[in-house]
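Secondary and tertiary structure notes
Okay, here's what each chain looks like letter by letter:
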Amino acid sequence: MTKTIGFIGSGMIGSSLARLAVAAGLDVVMSNSRGPETLADLVAQLGDRAHAVTTEEAAKAGDVVVATVPMSAYDKLPADALAGKTVIDTMNYYPERDGRIAELDSAEVTSSELLQRHLANSRVVKTLHNMDHRRLFRAGLVPPAPRTAAPCPSPGTTRPPRPRSSGFWTSWATTPSTSAHLPTPGAASPAPPVYVWPYLGDRPEGITKEEAQRWFQEAPGEPVPADGVKELVDQAVRGPVGGSFAALPFWG
Ligand SMILES: NC(=O)c1ccc[n+]([C@@H]2O[C@H](COP(=O)([O-])OP(=O)(O)OC[C@H]3O[C@@H](n4cnc5c(N)ncnc54)[C@H](OP(=O)(O)O)[C@@H]3O)[C@@H](O)[C@H]2O)c1
C-alpha cells in the first residue's frame, strides 16, 4: 500500500500531484534542485502531511517516487537511492527547453527508455505525462464521471504500475489504461493523439492567442475514460522526436 509519495521536482506537475495526494490522505516528501529551504511556502500550503527534503531523501522515503523534472535533468536523478523503487516518469522532451539530447534525437530510444537506462535498478513507469497540470489537478479535485485515464507504458513491460488499490492512482482520481500496445513510442511522445488535447475538450474556433491562453487556464476539461485512452494509444504512431511549444493548444 502506498503511504508516502516522494517527489523529485515540485513545479507545476509535482505540486499539483502533491496537493491531490495530500487531499487523498497520503504523505508527500517534496524536493527540487535548489534545496528544501526553498520549498517552505509550498510545504506550508500542503500542510502536515508534507515535508521538504533533498532529492536523495525524497527518493529513499517514497514508497513510489514521481520524477517530474525537465528532461535535461534526467541524469541528475539519484540512481542509487532510487534502486528497487517504482519511479513514475511524467517527463517530456522539449528540445527548446531541454537542449538537444543526442540519443533521443536519433530516435534510438524514447525518453523513458533513456531514463530506465539511467535508473537501471528501478522500475520506470511513464504516465501522467500526457495531461496538462491544470486538467490533471481539476480531474483529481472534482473527479469526473467517467473516471479519467492515462496511459502507463513501462519500458519492457505491458503491465500497469502497481494495482489500483495501492492508493497511488486513487490519489489523483485518474486510472491506468491497460493496453497491450502501451509501450509504443507514439504513446510516450509529447504529440497527438493521446497528449493534452483529448483532456481539454474542444477549443473554440477563431480565437486569438490571448483568448486561447485564457481558455487553457479556465477550461474544465473532458474526462477520457480508459477505453478511450486505449483507442488513442492504438492510433499513436511515432512522430518527430520531442515536443514543440508552438504546437500546444494554448499557443495561438
Ligand atoms: N506542466 C505541465 O502541464 C506538464 C504536463 C505533462 C508533463 N510535464 C512534464 O513534467 C516535467 C515537469 O514539468 P513541470 O511543468 O512541473 O516543470 P516545472 O514547473 O518547471 O518544475 C520543474 C521542477 O523540477 C525541479 N528540478 C529541475 N532540475 C532538477 C534537479 N536536477 N533535481 C531536482 N529537481 C530538479 C525544479 O526545481 P527548481 O525550481 O529548484 O530548479 C522544479 O521543482 C517536465 O518534464 C514536463 O515536460 C509537464
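Before reading on, note that the structure itself is shown above.
Rules used in this analysis
Residues numbered from 1 in each chain as written. Predicted model: local features only at pLDDT ≥ 70, side-chain atom pairs only at ≥ 80, totals over all residues. Heavy atoms only, no water. Helix = DSSP H or I, 4+ residues; strand = E, 2+ residues; numbered from the N terminus. Contact = heavy atoms within 4.5 Å. Areas by Shrake-Rupley, 256 points an atom, 1.4 Å probe, with all protein chains shown as cover. Pairing = 2+ DSSP bridges. Axes fitted to C-alpha atoms, helices over the stretch in contact; angles between N-to-C directions. Near = heavy atom within 4 Å. Polar contact = N/O pair within 3.5 Å; in protein donor to acceptor, adjacent residues only side chain to side chain. 1 Å grid on protein atoms, 1.4 Å probe; cavity = no way out; pocket = protein on both sides within 12 Å on 5 of 7 lines; lining within 4 Å. Sits in = over half its atoms within 2 Å of the grid points. Nonpolar A, V, L, I, M, F, W, Y, C, P; charged D, E, K, R; others polar. Points joined across faces, edges and corners; volume = space filled by probe spheres on them. Buried < 20%, exposed > 50% of the residue type's maximum accessible area, 1.4 Å probe, protein only. Arc of directions from axis to C-beta. Phe/Tyr/Trp six-rings, centres within 6.5 Å; stacked < 30°, edge-to-face > 60°. Lys NZ or Arg CZ within 6 Å of the ring centre and 35° of its normal. Right-handed = clockwise from strand over helix to strand, strands pointing away.

**Some words on the overall build of the chain**
- Per the secondary structure count, the chain includes 12 helices and eight strands.
- The long-range share in the chain, meaning contacts at least 24 apart out of those at least 6 apart in sequence, stands at 68%.
- Surface exposure of the chain reaches about 11200 Å², of which carbon and sulfur atoms provide 53%.

**Remarks on the sheet that holds strand E3 (residues 50-52)**
- Strand order in the open sheet formed by six strands is E3-E2-E1-E4-E5-E6, with parallel pairing between adjacent strands. The strands lining the two open edges of the sheet, one partner per strand, are E3 and strand E6 (123-126). Between one strand axis and the next, the sheet turns through 25° on average, direction left out of account.
- Where strand E1 (residues 4-8) and strand E4 (residues 64-67) come together, four bridges link them in parallel fashion. In the sheet register, Gly6 faces E4, and the bridge partner there is Val65.
- Contacting E1, strand E2 (27-31) and E4, helix H1 (residues 12-23) runs over the sheet at an angle of about 165° to E2.
- Against the sheet, helix H7 (residues 111-118) makes contact with strand E5 (86-89) and E6, and its axis sits at roughly 165° relative to E6, the strand it touches most.

**What about the site of the ligand?**
- Around the ligand, the surrounding shell holds 23 residues, and the nearest of these are Ile13, Ser33, Arg34, Val69 and His133.
- Within the backbone of Met12, one N or O atom sits 2.9 Å away from an oxygen atom of the ligand.
- Within the contact set of the ligand, an oxygen atom lies 3.3 Å away from a backbone nitrogen or oxygen of Asn92.
- Relative to its free-state accessible area of 910 Å², the ligand is covered by the protein chains to the extent of 80%.
- When atom positions are compared with the pocket grids, the ligand is found to occupy the largest pocket.
- When grouped by side-chain class, the residues that make up the shell around the ligand number eight nonpolar, 11 polar and four charged.

**Some words on empty space enclosed by the protein**
- A complete count under the given rule lists one cavity of 30 Å³ or more for this structure.
- Roughly 130 Å³ of volume is contained in the largest cavity.
- Considering the residues around the largest cavity, the lining is formed by 15 residues, among which Ser111, Ser189, Pro190, Arg238 and Gly242 are closest to the centre.

**So, the layout of surface pockets**
- In this structure, the largest pocket occupies an estimated 970 Å³ of space.
- What lines the largest pocket is a set of 38 residues, and nearest its centre among them are Met12, Ile13, Thr68, Pro70 and Arg97.
- Listed by contribution, the elements that provide at least two residues to the lining of the largest pocket are H1, helix H8 (133-141) and helix H11 (209-218).
- If you tally residues by element for the lining of the largest pocket, the top one is H1, at three residues.
- Counted by class, the lining of the largest pocket contains 19 nonpolar, 14 polar and five charged residues.

**Brief notes about H8**
- Turning to H8, its buried residues are Arg135, Leu136, Ala139 and Gly140. Taken around the axis of H8, the buried residues stretch over an arc of 130°, which confines them to a single face.
- Its side-chain oxygen 2.9 Å from the backbone nitrogen of Arg134, Asp132 forms the N-cap of H8.

**Considerations on the packing of aromatic side chains**
- Tallied over the full model, the rule gives two aromatic pairs.
- Ring geometry for Tyr94 versus Phe245: centroids 4.5 Å apart, planes at 10°, classification stacked. Placement of Tyr94 in the loop between E5 and helix H5 (95-98) and of Phe245 in the segment after helix H12 (226-235) is noted, with a sequence separation of 151 residues between them.
- On the accessibility criterion, Tyr94 (4% relative accessible area) is buried.
- Given the relative accessible area of 22%, Phe245 is considered partly exposed.
- Judged by centre distance (6.1 Å) and plane angle (50°), the rings of Tyr195 and Trp197 are tilted.
- Sitting over the ring of Phe216, Arg135 keeps its end group 4.7 Å from the ring centre.

**Let's talk about the pairing of E2**
- With four of five residues buried, E2 is to be regarded as a mostly interior element.
- Bridge count between E1 and E2: five bridges; the pairing is parallel. By the bridge assignment for E2, Ile8 is matched with Ser31.
- The β-α-β motif built from E1, the intervening H1 and the parallel element E2 has right-handed crossover chirality.
- Summarising the sheet, E2 and E3 pair through three bridges and their orientation is parallel. Residue pairing for E3: Val29 is matched across the bridge by His51.

Spatial relationships are all this shows, so hold off on functional conclusions.
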